[in-house]
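Structural description and commentary
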2 protein chains.
Amino acid sequence: MTMSSTGGRRKPPTIHDVAREAGVSRGTVSRVLNGGHYVSPAAADAVDAAIRKTGYVVNRHARSLITGRSDSVGFLLTEPQERFFEDPNFNVLLRGCTQALAAHDIPLLLMLAGTDDERRRITRYITAGHVDGVLLVSSHSGDPVAEELRAAGVPLVACGKPIGLGSKVSYVAADDRDGARDMVRHLLALGRRRIGVVTGPLDTPGGVERLAGYREVLAEAGVEADERLVVSGDYSRASGEAGAERLLARAPDMDAVFVASDLMAQGVLTALNRAGRRVPQDVAVGGFDDSPAAVAASPELTTIRQPWDRISSEMVRVLLAQIGGEDPAAVILPTELVKRDST
Amino acid sequence: MTMSSTGGRRKPPTIHDVAREAGVSRGTVSRVLNGGHYVSPAAADAVDAAIRKTGYVVNRHARSLITGRSDSVGFLLTEPQERFFEDPNFNVLLRGCTQALAAHDIPLLLMLAGTDDERRRITRYITAGHVDGVLLVSSHSGDPVAEELRAAGVPLVACGKPIGLGSKVSYVAADDRDGARDMVRHLLALGRRRIGVVTGPLDTPGGVERLAGYREVLAEAGVEADERLVVSGDYSRASGEAGAERLLARAPDMDAVFVASDLMAQGVLTALNRAGRRVPQDVAVGGFDDSPAAVAASPELTTIRQPWDRISSEMVRVLLAQIGGEDPAAVILPTELVKRDST
DNA sequence: GCTGCTTCTGTGAGCGTTCACAGTAGAGAA
DNA sequence: TTCTCTACTGTGAACGCTCACAGAAGCAGC
């Protein structure tokens with residue numbers, strides 16, 4: 001009875017068993033397993049059959065021991081935990097990376113390092129060689145982990161350009177400035193002229209670039225810049241709410257807001273609603289990300305789509321290339337305006 | 001210049017280097033590493049010092065090769081991907097499990113198996129022994145993975161009682177029935193008598209139990225049962241919205257709804273709002289989960305808190321015990337009524 | 001003295017794989 | 001024939017660790 005918890009697990013077949021079954025040597029089986037070069041068709045067939053018959057699966061520990069590679073990559077999140085819970089973007093990215101890696105049969109180790117203590121532990125773990133490379137997800141730039149890993153020579157790809165590390169670290173990012181430009185142009189096209197902005201944190205590339213795009217387009221259109229229309233947030237819903245309140249107090253005639261994230265835009269909607277402003281009639285609201293938060297909001301948000309599926313697949317591609325010995329690379333992907341009900 | 005991408009990774013120290021440095025044998029170093037029994041204080045100190053000096057970290061592949069254990073566990077999600085994106089509960093659970101495992105220095109491998117194809121691959125991967133055990137997260141019962149893993153003898157802990165597998169599989173769950181009872185009692189205490197319910201899928205234990213709790217309390221209170229007040233959903237936001245519309249059509253005098261998940265409750269709010277019903281004045285709405293969706297909703301949801309932090313830590317505890325050879329176990333945890341603005 | 005026991009230490013073997021190398025067979029060219 | 005080249009195959013030696021075992025040293029009791 002109680003055996004059911006432990007029973008059923010007998011010794012798995014080894015490469016030896018397969019070799020014996022196929023009537024060839026270990027070496028030949030190994031060659032079949034690793035691409036099949038320099039193997040006669042007859043031998044290859046025999047090995048394939050033997051593998052099927054024995055149910056053989058390669059022991060990754062033994063393989064890793066000799067190759068020095070772990071055939072797994074880490075997905076490292078250095079955000080404090082509440083951001084991970086709150087922001088649906090992480091979910092999408094995680095899912096995308098998992099799938100892209102699955103195509104290469106590479107498992108993903110999720111690593112969360114919210115506190116300094118955890119960060120130390122994880123860094124040690126990674127530099128000990130337990131993963132072949134790291135997908136780094138963190139929006140802030142002061143992050144010491146990226147620099148430590150880079151210095152240790154660990155292949156690394158960041159999501160979003162890490163400020164201050166120059167070209168030594170690979171990254172994949174959406175074209176933040178261009179996306180912001182599209183949104184502000186869209187708001188102008190609707191006839192809005194008093195366009196506010198709730199920026200992201202200005203120590204993040206996304207925060208800086210999206211604000212720059214906003215300013216550029218207004219200047220190009222000859223619309224008077226008004227610093228009362230600029231407030232900054234930290235990508236959280238609460239900061240969006242607070243930002244909108246400040247904007248309304250400072251510029252009651254505001255007829256549109258460009259918000260640097262969908263989550264903040266949700267907060268903006270809450271604040272506008274409370275102030276009795278109708279969206280989009282009185283104030284048009286444009287978000288950024290096209291995260292699940294965009295359709296969860298009411299009204300559904302007009303936003304800038306970040307191509308998360310491509311971002312994740314590119315991150316994986318660049319990381320694997322780097323593990324394979326290539327140099328770091330930067331990839332910038334285009335964004336797209338998605339019109340919904342808030343503008 | 002381009003060396004910077006590959007350089008910096010020299011051969012890590014082995015147990016041999018430590019032994020030489022400490023002036024002892026491999027065996028002694030290994031003993032220190034694994035608990036330090038039968039080692040003289042002097043030798044232990046020398047080894048500790050040598051480990052610090054050389055920066056030695058044990059090579060897990062080599063260790064796993066001989067012990068046959070991987071010292072890692074899998075977090076397996078067999079939901080279709082949209083549910084993973086949408087439902088914040090998964091996030092919370094994932095985070096909790098990661099942290100609980102981190103305390104044991106055990107990394108977590110995230111495995112997503114939304115399609116049949118992925119399911120096959122992952123099952124093969126797991127049964128090949130690449131993880132020591134699996135934390136299984138999936139709400140539906142028809143799930144073949146649980147049964148396959150159980151049959152293969154893989155230590156397994158499910159989140160929520162798996163229907164149809166009896167006592168052979170460990171699980172950790174919140175007390176769904178009791179939580180539902182609390183919520184319905186709360187609605188009754190507010191003077192509501194025409195209380196509707198949007199259930200979860202009735203092939204999930206949560207769906208069944210929460211509905212049962214609802215029925216029990218109404219019966220106990222002598223409130224007339226009315227099947228027009230009962231509709232079922234699938235835990236998605238959209239199904240909550242559709243459910244509320246059906247309820248309003250069939251029982252326009254409804255003055256409260258108990259919704260079996262916060263996410264569905266968000267949909268219910270949307271539908272009520274569109275129908276011009278004020279919440280909570282006209283219709284009180286009670287959710288379930290106390291997920292981030294509860295505070296994201298407006299008005300913020302009164303709900304039943306599932307103790308996610310305890311659920312995840314218990315799942316990890318039970319799994320590790322089972323890996324250590326103990327028998328499967330079931331853990332039921334209490335819930336708690338959280339009052340907010342929707343009732 | 002010898003025997004037995006406990007505590008500690010070193011050594012050889014082996015986990016399952018890949019890699020480098022040596023070697024075989026057959027074809028084609030001189 | 002002999003030599004060279006290509007296509008393929010087998011074998012021993014690692015990889016870094018743990019485990020089982022054999023021994024050494026110290027101490028007690030006879």
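Residues numbered from 1 in each chain as written. Chains lettered and ligands numbered in written order. Predicted model: local features only at pLDDT ≥ 70, side-chain atom pairs only at ≥ 80, totals over all residues. Heavy atoms only, no water.

**Digging into helix α10 (residues 205-221) of chain B**
Residue and element names in this part refer to chain B. Look at α10: 24 Å from first C-alpha to last across 17 residues, which is about the 24 Å you get at 1.5 Å a residue. For α10, the full list of buried residues reads P205, G206, G207, R210, L211, G213, Y214, V217 and L218. Contact partners of the buried residues in α10: α9 (176-189), β6 (195-199), β7 (230-232) and β8 (256-259). (Helix = DSSP H or I, 4+ residues; strand = E, 2+ residues; numbered from the N terminus. Expected span 1.5 Å × (residues − 1). Buried < 20%, exposed > 50% of the residue type's maximum accessible area, 1.4 Å probe, protein only. Contact = heavy atoms within 4.5 Å.)

**Section: the interface of chain B and chain A**
Buried accessible area, meaning the area lost when the parts come together, often serves as the stated size of an interface. With 52 residues of chain B at the contact, the number on the chain A side is 52 residues. Taken over both partners, the interface formed by chain B and chain A buries close to 4800 Å², and the fraction arising from carbon and sulfur atoms is 54%. Inspection of the chain B/chain A interface yields zero salt bridges. Across the chain B-chain A interface, the total number found is two residue pairs in polar contact (both at pLDDT 80 or more). Listing elements by their share of the side of chain B that touches chain A, those giving two or more residues are α4 (60-67), α5 (81-86), α6 (88-102), β2 (108-112) and α7 (116-130) of chain B. For the side of chain B that touches chain A, the class distribution of residues is 23 nonpolar, 18 polar and eleven charged. Judged from the three bridges that link them, strand β2 (residues 108-112) of chain A and β2(B) form a sheet pairing that is antiparallel. (Buried area = accessible area lost by both parts, 1.4 Å probe. Salt bridge = Lys/Arg side-chain N within 4 Å of Asp/Glu carboxyl O. Polar contact = N/O pair within 3.5 Å; in protein donor to acceptor, adjacent residues only side chain to side chain. Nonpolar A, V, L, I, M, F, W, Y, C, P; charged D, E, K, R; others polar. Pairing = 2+ DSSP bridges.)

**Some words on the protein's contact with DNA strand D**
Inspection of the region around DNA strand D gives 24 residues, with A:R26, A:S40, B:I15, B:R26 and B:Y56 positioned closest. Here DNA strand D approaches the protein such that, of its atoms within 4 Å, sugar and phosphate make up 60%. Take A:R31: an N or O atom from its side chain is 3.1 Å from a base nitrogen of DNA strand D. Every element with two or more residues in the surface near DNA strand D is listed here: α2 (26-33) and α4 (60-67) of chain A together with α2 (26-33) and α4 of chain B. In terms of residue class, the surface near DNA strand D is built from twelve nonpolar, eight polar and four charged. (Near = heavy atom within 4 Å.)

**Digging into the protein's contact with DNA strand C**
Surrounding DNA strand C, one finds 25 residues, the nearest of these being A:I15, A:S30, A:Y56, B:R26 and B:S40. Within 4 Å of the protein, the contacting atoms of DNA strand C are drawn from sugar and phosphate to the extent of 60%. In the model, a phosphate oxygen of DNA strand C is placed 2.8 Å from a nitrogen or oxygen of the A:S30 side chain. At 2.6 Å, a side-chain N or O of B:S40 approaches a phosphate oxygen of DNA strand C. Listing elements by their share of the surface near DNA strand C, those giving two or more residues are α2 and α4 of chain A together with α2 and α4 of chain B.

**Here we look at empty space enclosed by the protein**
The full count for this structure, using the stated rule, is four cavities of 30 Å³ or more. Space inside the largest cavity adds up to approximately 300 Å³. If you list the elements that add at least two residues to the lining of the largest cavity, you get α4 and α7 (116-130) of chain A together with α4 and α7 of chain B. Considering only residue class, the lining of the largest cavity consists of six nonpolar, ten polar and four charged. (1 Å grid on protein atoms, 1.4 Å probe; cavity = no way out; pocket = protein on both sides within 12 Å on 5 of 7 lines; lining within 4 Å. Points joined across faces, edges and corners; volume = space filled by probe spheres on them.)

**Notes on the UniProt feature "domain: HTH lacI-type" (unreviewed entry) in chain A**
Mapped onto this numbering, the UniProt entry gives "domain: HTH lacI-type" (unreviewed entry) at residues 13-67 of chain A. With 69% helix and 0% strand, residues 13-67 of chain A has end C-alpha atoms that lie 21 Å from one another. (UniProt positions renumbered as here; feature names shortened; annotations may be inferred.)

**Describing the sheet that holds strand β4 (residues 156-159) of chain B**
On the basis of which strands lie adjacent, the open sheet formed by twelve strands has the order β11(A)-β5(A)-β4(A)-β3(A)-β1(A)-β2(A)-β2(B)-β1(B)-β3(B)-β4(B)-β5(B)-β11(B) and mixed pairing. Of all strands in the sheet, those bounded by a partner on one side alone are β11 (330-333) of chain A together with β11 (330-333) of chain B. The mean inter-strand angle of the sheet, taken between neighbouring strand axes irrespective of direction, is 20°. The strands touched by α7(A) within the sheet are β1 (73-77), β2 and β3 (133-137) of chain A, with β2(A) carrying the most contacts at an inclination of about 150°. (Axes fitted to C-alpha atoms, helices over the stretch in contact; angles between N-to-C directions.)

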